[in-house]
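# Structural description and commentary
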Amino acid sequence: MFSQKGLSLDQAPPISVVFRFFLQGALFGIVGGVLLAIYQNEVFDPASKGALVLTHVFTLGIMLSVMLAALFQMLPVIAGVKLTSPIKKANWVQYPLVVGIITLLFAFHFGKISWLYLLASVLLGGSILFIAFIMIEKLLRLSNHSSSSKGITAALFSLVLLVLAALYLTTVLGGYNEGVHYVEIKTAHYSFGLFGWIAVLIISISFQVIEMFYVTPPYPNIMGKYLSGGILFLLAIASIVSFFLPDIWAVCHLVLALLLVAYALLALKRLSQRKRPISDATVWFWRLGLGSLIVSMLCFMLGLFVQTAWVHTLAYLWFGAFALSIVFAMFYKIVPFLTWFHLSSQGYFTAPMMHEIIHPKTAKKHFWIHCSMMAALIMSLIVPQFILLASLLTILSFGWMGYQIVHAHYLYVKTQKEGQKFNY
Amino acid sequence: MKKITLDARELEHPKPLAMAINILKSLDDTNYLYMVHRKNPIPLIDLAQEHHFQVLSHEDDEGTWHILITKNHTADLKELLLV
C-alpha cells in the first residue's frame, strides 16, 4: 500500500489492532445470523424491534467494527496520518464499543428500560466520538489532502453527526426527552449513517484502492474533489432545512441516490478497464457491491414515489449487500497482505506467501456463500421459510471470515516463533 | 554496477512490493534495484531504509516514479538514475 506522502513501518498499526476489529465484526455477523433465526421475517417490518436490533447489529456490530479496522490500517497508509499508541486507543474504543452495542441491542429488545439506553449512550457515544475526534483532528492537520483523505474526513464528520443524532434518539427512547423532533432527527440519523458514513467512506477508500489494487485509470478529478464533501454538504443542509420543510429529505435522497448510481457506474467501468484482467474474488466482490448499490439506489428512488413497503425493504437489503460485499473485498486484500508484509519486514525468510495465508479459492467460495445468503434473504420476502436458510448462510459467511482471521493470526504467530530470519 | 530492473507499472498491488523485497534479499555491493512504478512505494522505501540500504526515489514530469536501491553506500544513485 502506498502513499504519496509517506508511511513509516513504525507508523503502521500492530497487526493485532486490525485483526481484532475484523474479528469483532465477524463475531457480530454470527450473532446477526442467530438473531435472524430468532426474529425471522419480523425484521422486514421497519417498525419492529427485530428490525431495529438487526439494523444495529449490521451497522454497529459489523460495519463500524470493520470500518474501524480499515481506518486503523489505512489512515497511515493512504492519508499519511500517524495514530500514536494505536493499541491503547484501540482498547479505549473496542471494550466500551462491544459492551455498548450489546447494551443497545438489549435496550431495543426489551423496550423502555431507561438505564439500558443511558448506559448504551455513554459507552457508544463516548467511544465512537473519542476515536472520531482523534482521527478528524489528525486529518485536519494534513497540509496536502488527497481525494481519499478528504473523503475520509467527510465520512468521519458524518459519523460524529449521526452519533449526536443517535444520542438524541436514545434519550427519547429511554424516556429522558419528549422527542419533539424525533422524526426529523431519526431521518437525519439514518441518512448520515447510510449515505454520509458508510457510502462516503467506501467511496473515499475506493478512490485509492481501485486504481492501486487493480491497475485501472484514476477516477476523474471532479469526482475525487467534490463527491464526498458534496454528499456531506447535502446531508447537512437537508438536516437543517427539514425542521421547517420535512419534504426536503425526498429531494436530498433523490440527488444522493443519483450521485451514488453515477459513482457505481463509473467504478464498474474502471474495473472493466483493468490493465491485467485476472479473475480474482475481490474484483467480483467489488462488482457485486457496486451492482447492489445501483439496485439499492433505484429502489430508494422508486420508494420516493411509490409507498410500497417491499420497495423500501429491498432498498435496505441491497444497500446491506453493497456494504458487506465491499467489506469482504477489502478484507481479502488486507488480511493476507498485512500478515505477509509484517513478517517480511521483520525479516522472516519463511514468511508465508499471501496465497498461503488465504488461498484465492477460499475467497471465491466465500463469494458464493455471500451471494447465496443474499439470494436467500431476498427470496424470504416471497417465501418466508427462506429466512432460516438466510440465517444459516449468514452464520456460515461470518464464521468463514472469522476462521480466516484466526488462521492468519495463527500463521503469523507460528512464523514468529519458528520462522528463520534473513539479513537484508 | 549491475542494474536489476523491475517495471511495476502494470502490476497489481502488492506484487511490486513482493517482487522488490525478493530482489532486495539478493542485492550486494555490486548491483542495485531500479524500479519503475506508477506510485511512490513508501513501504518499500521505508523497509529498505530501515535495513540500511541507500535509496533514491524520483518522480518524473509524467508522474512515473523511479526508485533506486542499493547496498553500496559509495554508489551515486543520482548518476545511476541517468543511466
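Residues numbered from 1 in each chain as written. Chains lettered and ligands numbered in written order. Predicted model: local features only at pLDDT ≥ 70, side-chain atom pairs only at ≥ 80, totals over all residues. Heavy atoms only, no water.

What chain B contains, in helices and strands, is three helices and four strands. For chain B, the α and β elements follow one another from N to C terminus as β-α-β-α-β-β-α. Relative to a compact globule of 83 residues, whose C-alpha radius of gyration would be 12 Å, chain B shows 12 Å and is just as compact. Each principal axis of the C-alpha distribution contributes one length, and for chain B these read about 30 × 25 × 20 Å. A buried classification covers 55% of the 83 residues belonging to chain B. Within chain B, counting contacts between residues at least 6 apart in sequence, those at least 24 apart form 55% of the total. In the structure as shown, chain B presents an accessible area of about 3900 Å², 48% of it carried by carbon and sulfur atoms. Distance between charge centroids for chain B: 6 Å, based on 9 positive and 13 negative side chains. (Helix = DSSP H or I, 4+ residues; strand = E, 2+ residues; numbered from the N terminus. Rg over C-alpha atoms; globule rule 2.2 N^0.38 Å. Buried < 20%, exposed > 50% of the residue type's maximum accessible area, 1.4 Å probe, protein only. Contact = heavy atoms within 4.5 Å. Areas by Shrake-Rupley, 256 points an atom, 1.4 Å probe, with all protein chains shown as cover. Lys, Arg positive; Asp, Glu negative; His and termini not counted. Charge placed at Lys NZ, Arg CZ, Asp CG, Glu CD.)

Residues and elements named next belong to chain B. Inspection of the secondary structure assignment puts His66 in strand β4 (residues 65-70). Of the polar contacts made by the side chain of His66, one reaches the side chain of Tyr34; its length is 2.7 Å. Apart from the residues lying within four places of it in its own chain, the contact partners of His66 are Tyr34, Met35, Val36, Leu56, Ser57, His58, Asp60 and Leu81. (Polar contact = N/O pair within 3.5 Å; in protein donor to acceptor, adjacent residues only side chain to side chain.)

Moving on, we get to the environment of A:Ser16. With respect to the helices, strands and loops of the structure, A:Ser16 is situated in helix α1 (residues 15-39). For the pair A:Ser16 and A:His409, spaced 393 residues apart in the sequence, the C-alpha separation amounts to 8.2 Å.

As a further point, take the domain arrangement of chain A. All names here are of chain A. What the domain assignment lists for chain A is domain 1 (1-144), domain 2 (147-278) and domain 3 (282-412). Contact with domain 2, which involves 26 residues of that partner, is made by 20 residues of domain 3. Sorting the residues of domain 2 by area buried against domain 3 places Leu194, Ile202 and Tyr214 first, and these three jointly supply 23% of that buried surface. The interface formed by domain 2 and domain 3 holds one residue pair in polar contact (both at pLDDT 80 or more) in total. (Domains from an automatic or database assignment. Buried area = accessible area lost by both parts, 1.4 Å probe.)

Quick look at helix α1 (residues 15-26) of chain B now. Taking 1.5 Å per residue as the helical rise, α1(B) with its 12 residues ought to reach 16 Å, and the 17 Å between its terminal C-alpha atoms agrees with that figure. Listed in full, the buried residues belonging to α1(B) are B:Pro16, B:Leu17, B:Ala18, B:Ala20, B:Ile21, B:Ile23 and B:Leu24. Of the surrounding elements, those touching the buried residues of α1(B) are α10 (309-345) of chain A together with β1 (2-7), β2 (31-37), α2 (42-50) and β4 of chain B. (Expected span 1.5 Å × (residues − 1).)

This brings us to the pattern of salt bridges. For the structure shown, the criterion picks out five salt bridges over all chains. Between A:Arg141 and A:Glu137 there is a salt bridge, and its shortest N-O distance comes to 2.7 Å. For A:Glu137, a relative accessible area of 35% translates into the label partly exposed. Put simply, A:Arg274 and B:Glu12 hold a salt bridge, and the shortest N to O gap is 3.7 Å. Of the two residues, A:Arg274 sits in the loop between α8 (248-272) and α9 (281-305) while B:Glu12 sits in the loop between β1 and α1, which places them in two different chains. With respect to burial, A:Arg274 and B:Glu12 carry one shared label: buried. (Salt bridge = Lys/Arg side-chain N within 4 Å of Asp/Glu carboxyl O.)

Tallying the contact residues gives 27 residues for chain A and 26 residues for chain B. Surface buried jointly by chain A and chain B totals about 2700 Å² across both partners, of which 63% is contributed by carbon and sulfur atoms. Taken together, chain A and chain B are joined by two salt bridges. Between B:Lys39 and A:Glu211 there is a salt bridge, with the nearest N and O atoms lying 3.8 Å from each other. Joining chain A to chain B, the criterion identifies three residue pairs in polar contact (both at pLDDT 80 or more). For the side of chain A that touches chain B, the secondary structure elements donating two or more residues are α6 (182-214) and α10 of chain A.

Next up on the list: the confidence of the model for chain A. Overall, the predicted model of chain A reaches an average pLDDT of 92, with 97% of residues at or above 70. In this model, residues 1-10 of chain A is a region of pLDDT below 50 whose contacts with residues beyond four sequence positions or in other chains number 48 contacts. (pLDDT = per-residue confidence, 0-100.)

As a further point, take the packing of helix α3 (residues 86-110) of chain A against helix α4 (residues 114-140) of chain A. Taken N-terminus to C-terminus, the directions of α3(A) and α4(A) make an angle of 145°; their axes are 8 Å apart at the nearest point. Between α3(A) and α4(A) lies a crossing whose hand is left-handed. (Axes fitted to C-alpha atoms, helices over the stretch in contact; angles between N-to-C directions. Left-handed = near helix turned anticlockwise from the far one by under 90°.)

Residues and elements named next belong to chain B. Burial analysis of β4 places six of its six residues in the buried class, which makes it a mostly covered element. Where burial is concerned, the two faces of β4 agree: the one with Trp65, Ile67 and Ile69 and the one with His66, Leu68 and Thr70 are both buried. Relative to β4, β2 runs antiparallel, the two sharing six bridges. Bridge assignment links His37 to a residue of β4, and that residue is Trp65. Note: strand β3 (residues 54-59) against β4, six bridges, orientation antiparallel. Considered in β4, the bridge of Gln54 is made with Thr70. In textbook terms, the turn of a hairpin is the stretch between consecutive antiparallel strands, and for β3 and β4 this stretch comprises five residues, one of which, Gly63, has a positive phi near 85°. (Pairing = 2+ DSSP bridges.)

Now for the packing of aromatic side chains. Residues and elements named next belong to chain A. Per the stated rule, a full pass over the model turns up 21 aromatic pairs over all chains. Between Trp284 and Phe367 the ring centres are 6.5 Å apart and the planes differ by 55°, which places this aromatic pair in the tilted class. You can see Trp284 sitting in helix α9 and its partner Phe367 sitting in helix α12 (residues 360-379), a full 83 residues away along the chain. With relative accessibility at 37%, the residue Trp284 sits in the partly exposed group. Assessed through its relative accessible area of 5%, Phe367 is described here as buried. (Phe/Tyr/Trp six-rings, centres within 6.5 Å; stacked < 30°, edge-to-face > 60°.)

The next thing to look at is a nonpolar patch on the surface. Residues and elements named next belong to chain A. Taken together, the side chains of Trp115, Leu118, Leu119, Val122 and Tyr176 define a hydrophobic patch exposed on the protein surface, amounting to about 530 Å² of accessible area. For Leu118, the position within the fold is in helix α4. Classification of Leu118 as partly exposed rests on a relative accessible area of 43%. (Patch = residues over 30% accessible without salt bridge, like charges linked within 9 Å, V, L, I, M, F, W, Y side chains within 5 Å.)

The next thing to look at is the sheet that holds β4(B). Residues and elements named next belong to chain B. An order of β1-β2-β4-β3 is seen for the four strands of this open sheet, with the pairing classed as mixed. The open sheet has two edge strands with one neighbour each: β1 and β3. Strand-to-strand, the axes of this sheet are offset by a mean angle of 15°, without reference to chain direction. Across the face of the sheet, α2 comes into contact with β2, β3 and β4 while running at roughly 155° to β3.

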